[in-house]
Each structure stands twice: as structure tokens, then as C-alpha cells.
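# Geometric and topological summary
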Amino acid sequence: NVQSLKDYEIRYQLTPEQSQKEKEYSDQNMKLFDEFRAKYMPNLTREYFTVEDLKNNYPDADAFVVGSDQVWNVNICLDQYPIFFLDFVKPEHKRIAYAACMGGDSNYIFESKQKRHVKEMLDRFDSILVRNEMAVNICRNNFGLVPKQVLDPTFLIDDYNELLSESKQNASGSLFVDKFIINDIWMNVVREIASRKKLDIRMDRCLIEIKDIPFNPVCKIQDWLGILNTADLIFTDSFHCSVFCILFRKQFVVAPSYHGGEGRMIDLLKKLGLEDRFYSNPQDLMDNFEVWSQPIDYDEVHKRIKTLREESREYLIKALDGVNK
């Protein structure tokens, strides 16, 4: 509902021609994702599209793990939400949720029929591990469950050098912008930040062509990581862009796409002592320019990550205990 949004929360309006171009660029990026999967995840099963398809062509596995980003957000999964609660899994096989995310906010309430159904499916899980405090609260408020909280799986890998070695990108001297909601308001902020920091602007992977900004909408995963790893400063509204900024020890600042989707971001930043990297609107961001311009003490941040990573791995190993013995 556009009427309920602030001006800075409304994405650029596109002409039909621009929308068609955006779709074409998006399709090209998806092909690059497919190439990545073929190389790094060669043993994937066939594709499944419905619960019936899964039941009729049951995957061969001893345990089934679901996670992470938005997999339990019923407003996104719509009629297919039972798939992501592993409703198709046979009783003799383990059901595990790792870093499951529910989206919405802590006060989200399921409608009664759906609530009963989700509760029935959750009760069949052998282990439920969720990604953020919001999911813990939703489970507690709706289902009387208090699951353990774990790190997003991207944190479980502590070395991305293999992927970084495949990129020749060098974004040194740049402000890299990875933001879905962009408009004139945010672009004025981007240009002001770049001017004060004396940095060039890069917006690789942005599907909308913007005046005076280099246009490179099609970007491999490896190159996206390479840009993040070499840029001087990153400005984003993406949860996983923020994750890789933290893993790569980069200076970054976060502004959400819209009100209501920021809970997972705030939760992560609080855990790592990085609350001063988050600003909910352009005015707050610029008013606190000197605050978030201070270098991040990444030695302290990575100490926290190490502890949380060890705990998360232990929870997952314990959940998988007994599989295929």
C-alpha cells in the first residue's frame, strides 16, 4: 500500500520498457546463480514445485533440514508454506529447522486455522533452531515454543577465499551501494556520502539505470563478493550484504527498505555490538554521519562471532546426532 509508505520507502517508478529491461537483467543474474549452483552444489536433487510432487517423488535422505531466510514467512510462501514446514517428510525421517526465519514482526499473529496447522507441523520437528529473536517471540506467542537461536548459515563458513579468488573486481576507492529501495531521496544521500568521503559510487547489480552512475546490472556471485571485499564503504538495506560486510571486516552502514522488515537486521547488529550502523531514515543517517563514520572494532566483533558460531555448530551437530548411524 503505497499510501502507507514514507517518500523514502517508495522505489523508483519504472516505465513498461524499464520494467522489461529489469526483468531481462534479473533473468541473466538467475542464470549466473544456476551456474554457481551447478559448480558448488552439484549433487542437488531434482526440482520440486508442490507438496504432491515431493510426496510422489520422495527425496532420498536420512534427515531433512529447512532454513533460513524467510522460509517460515507464510505471507511470502503463501499456499506452499507447508513445504517449508517439511510437511511432506515421512515420520521415520528427522525434521530439523536451522536458522529458520519467519519475517514480519514479533507481534505477528496467525489466523486460527493456519495457526493450528503450523503448530501440528512444528510438533513433528526433532529440532527447531531459529535465526533471530523475532522468530523466537513469534513461536512463543503463537505456539508455546521457545526455540534456540543460531547464526545465519553464511556465518558458519569462516573462509570465502575460494570464491574471492575467482573475481578480479577491485572496488578500492568506492562507495558500493547494494540497496533495493532507491529513489531520488536516497540517491541524494548516496551522492552526499560519496562527496564527503571522496569516494566513487558503484552500484553493480542494481537493475535500474541511474544518471551518472556506472551501470553493471549483471553480476556473478563471486564478483559481488569481490566488490564487497575491496570497497572502502558499503551502504545497503540487505541482510546478507551486511553479513558479508561483517565477515570481510568492512566499514558499512544500513538503512532498511521499508518499515517492518528491519527486525532481523537490528537483531544481528545488536548481537555484534553494531547498533550504530543502523538508521531507519535518511535524516537520521545523515545526522549521525560522524557516528557511523568511526572505524568498527572488528577484533571485538569477530570474538563474538566466534563464540556464536561455535554454539550454532554445536546445536546443529546435536540436532543431526544419530543420523545415518
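Above this text is the structure in question.
About the thresholds
Residues numbered from 1 in each chain as written. Predicted model: local features only at pLDDT ≥ 70, side-chain atom pairs only at ≥ 80, totals over all residues. Heavy atoms only, no water. Helix = DSSP H or I, 4+ residues; strand = E, 2+ residues; numbered from the N terminus. Rg over C-alpha atoms; globule rule 2.2 N^0.38 Å. Buried < 20%, exposed > 50% of the residue type's maximum accessible area, 1.4 Å probe, protein only. Core = buried A, V, L, I, M, F, W, Y, C linked by side-chain atoms within 4.5 Å. Phe/Tyr/Trp six-rings, centres within 6.5 Å; stacked < 30°, edge-to-face > 60°. Lys NZ or Arg CZ within 6 Å of the ring centre and 35° of its normal. Contact = heavy atoms within 4.5 Å. Polar contact = N/O pair within 3.5 Å; in protein donor to acceptor, adjacent residues only side chain to side chain.

This paragraph deals with the overall build of the protein. The helix and strand inventory of the protein stands at 14 helices and eight strands. Over its C-alpha trace the protein gives a radius of gyration of 21 Å, about what one expects of a compact globule, namely 20 Å for 325 residues. C-alpha atoms of the protein, sized along the principal axes, occupy 60 × 45 × 45 Å. Within the protein, the proportion of its 325 residues that are buried is 48%.

Among the nonpolar cores identified, the biggest contains 42 residues, and Phe155, Leu228, Ile246 and Phe252 are the most heavily contacted of them. Secondary-structure elements contributing two or more residues to this core are strand E2 (94-100), helix H7 (161-164), helix H9 (221-230), helix H10 (239-247), strand E8 (252-254), helix H11 (263-271) and helix H14 (298-320). Top element by residues in this core is H10. It accounts for seven residues. One finds Val66, Met121, Met134 and Ile138 within the second-largest nonpolar core, a separate group that totals 31 residues.

The next subject is the packing of aromatic side chains. Taken as a whole and judged by the stated rule, the model has 15 aromatic pairs. Taking 5.6 Å as the distance between ring centres and 80 degrees as the angle between the ring planes, the aromatic pair formed by Trp72 and Phe125 counts as edge-to-face. With Trp72 in the loop between strand E1 (63-68) and helix H3 (74-77) and Phe125 in the loop between helix H5 (112-122) and strand E3 (127-130), the pair connects residues that are 53 residues apart, well separated along the chain. Each member of the pair, Trp72 as well as Phe125, carries the same accessibility label: buried. Centre to centre, the rings of Tyr81 and Phe85 are 6.4 Å apart; their planes meet at 85 degrees, and the pair counts as edge-to-face. Note on Tyr81: relative accessible area 11%, which makes it buried. Members of the aromatic cluster, connected to one another through ring pairs, are Trp72, Tyr81, Phe85 and Phe125. Taking the ring centre of Phe239 as reference, the NZ or CZ of Arg131 above it sits at 4.1 Å. The residue whose ring lies beneath Arg196 is Phe289, and the NZ or CZ to ring-centre distance is 4.5 Å.

Here we come to the environment of Tyr58. For Tyr58, the location among the structural elements is in the loop between helix H2 (51-56) and E1. Sequence separation between Tyr58 and Asp284 is 226 residues; the distance between their C-alpha atoms is 51 Å. Apart from residues lying up to four places away in sequence, Tyr58 is in contact with Tyr48, Phe64, Phe88, Val89, Lys90 and His93. Here the side chain of Tyr58 touches His93 through a polar contact of 2.9 Å, side chain to side chain.

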